Amino acid sequence: MRDIWLSMPDSILPYLNKNLRMEHVDFVDMHVRSEVKNLLHEEGVLDTLTNDFAAYYLPQSSSLELKLFNTSDSLQVLCMVKTVTAPEPESEIRFFDTSWQPLSADFGLPIHTTEGEILKRFTLQPADMTDDRFKELCNMIDPVMLSASLSISTPVITFCMSVPVLTKEEHEQVSVIVKQISFKWDGTTFKEY
């Protein structure tokens, strides 16, 4: 993952050029907090760097997670999850080969689906809730946004629907119907589990 982090095109994170990425790696090698001021003069942290996972954070605004997934033919697929964290998290997921060439496949993940499909898949009506109440709560979710996170130790990505800016009471009500879904990589595609 170190080589992939260092060879990442500047266009992925325009405010973090190769020299700054190298500085992060140097701090990781020294076993100290890898906090470096980026080109926007914000402190970014390379929180984790393992053989197959990296996590970079701009506290209170965004994150970038990278994970290598082994394929059945001994190649690797790089999954990138970029998340804007405020006011509610929303993620962009992209796939690359290990040379940062984009892959057009979604590998079975719900990343090219409509808002209606996302609502249907990421909500669950409790048995004791009326259809009208469930519909009312679903209508409060606007816009429909998904956030995602990669597991550090397993080949898993987890999605959760973000609940937009609501009052605290409305947020608590809507959270009852929102569910998260995890998908596990099987060497070819992601399967819900």
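So, how was this worked out
Residues numbered from 1 in each chain as written. Predicted model: local features only at pLDDT ≥ 70, side-chain atom pairs only at ≥ 80, totals over all residues. Heavy atoms only, no water. Pairing = 2+ DSSP bridges. Helix = DSSP H or I, 4+ residues; strand = E, 2+ residues; numbered from the N terminus. Buried < 20%, exposed > 50% of the residue type's maximum accessible area, 1.4 Å probe, protein only. Contact = heavy atoms within 4.5 Å. Salt bridge = Lys/Arg side-chain N within 4 Å of Asp/Glu carboxyl O. Disulfide = S-S within 2.5 Å.

A few words now on the pairing of strand β10 (residues 180-185). As judged from the five bridges shared by strand β9 (residues 156-162) and β10, these two strands associate in the antiparallel manner. Residue pairing in the sheet places Thr158 in a bridge with Ser182 of β10. Relative to strand β11 (residues 190-192), β10 is paired through three bridges, and the arrangement is antiparallel. Bridge pairing in β11 places Lys184 opposite Lys191.

The next thing to look at is the environment of Leu66. Position of Leu66 relative to the elements: it lies in strand β4 (residues 62-70). Residue classification places Leu66 among the buried residues on the basis of a relative accessible area of 1%. Those residues in contact with Leu66 that sit more than four places away from it in its chain are Met1, Trp5, Asp52, Phe53, Ala54, Leu78, Cys79, Met80, Trp100 and Leu150.

Attention now goes to the sheet that holds strand β3 (residues 53-58). Pairing is antiparallel across the open sheet formed by seven strands, whose spatial order is β1-β2-β3-β4-β5-β6-β7. The open sheet has two edge strands, β1 (35-37) and β7 (102-103), and neither has a second partner.

Attention now moves to the pattern of salt bridges. Under the defined criterion, the tally for this structure stands at seven salt bridges. The partner of Asp29 in a salt bridge is Arg2, with the nearest N and O atoms 2.7 Å apart. Of this pair, Asp29 sits in helix α2 (residues 18-29) while Arg2 sits in helix α1 (residues 2-7), and the two are 27 residues apart along the sequence. Judged by relative accessible area, which is 39%, Asp29 ranks as partly exposed. Taking the relative accessible area as the measure of exposure, Arg2 reaches 34% and is therefore partly exposed. As a salt-bridge pair, Asp10 and Arg21 come within 3.1 Å of each other at their nearest N and O atoms. Placement of the pair is Asp10 in the loop between α1 and α2 and Arg21 in helix α2, with a sequence separation of 11 residues.

What follows is about the state of the cysteines. Going through the model one piece at a time under the given rule, you end up with zero disulfides. In this model Cys79 remains outside any disulfide bridge; the closest cysteine sulfur is found in Cys160, 17 Å from its own. Looking at the unpaired Cys160, the closest cysteine sulfur is the one in Cys138, lying at 14 Å.

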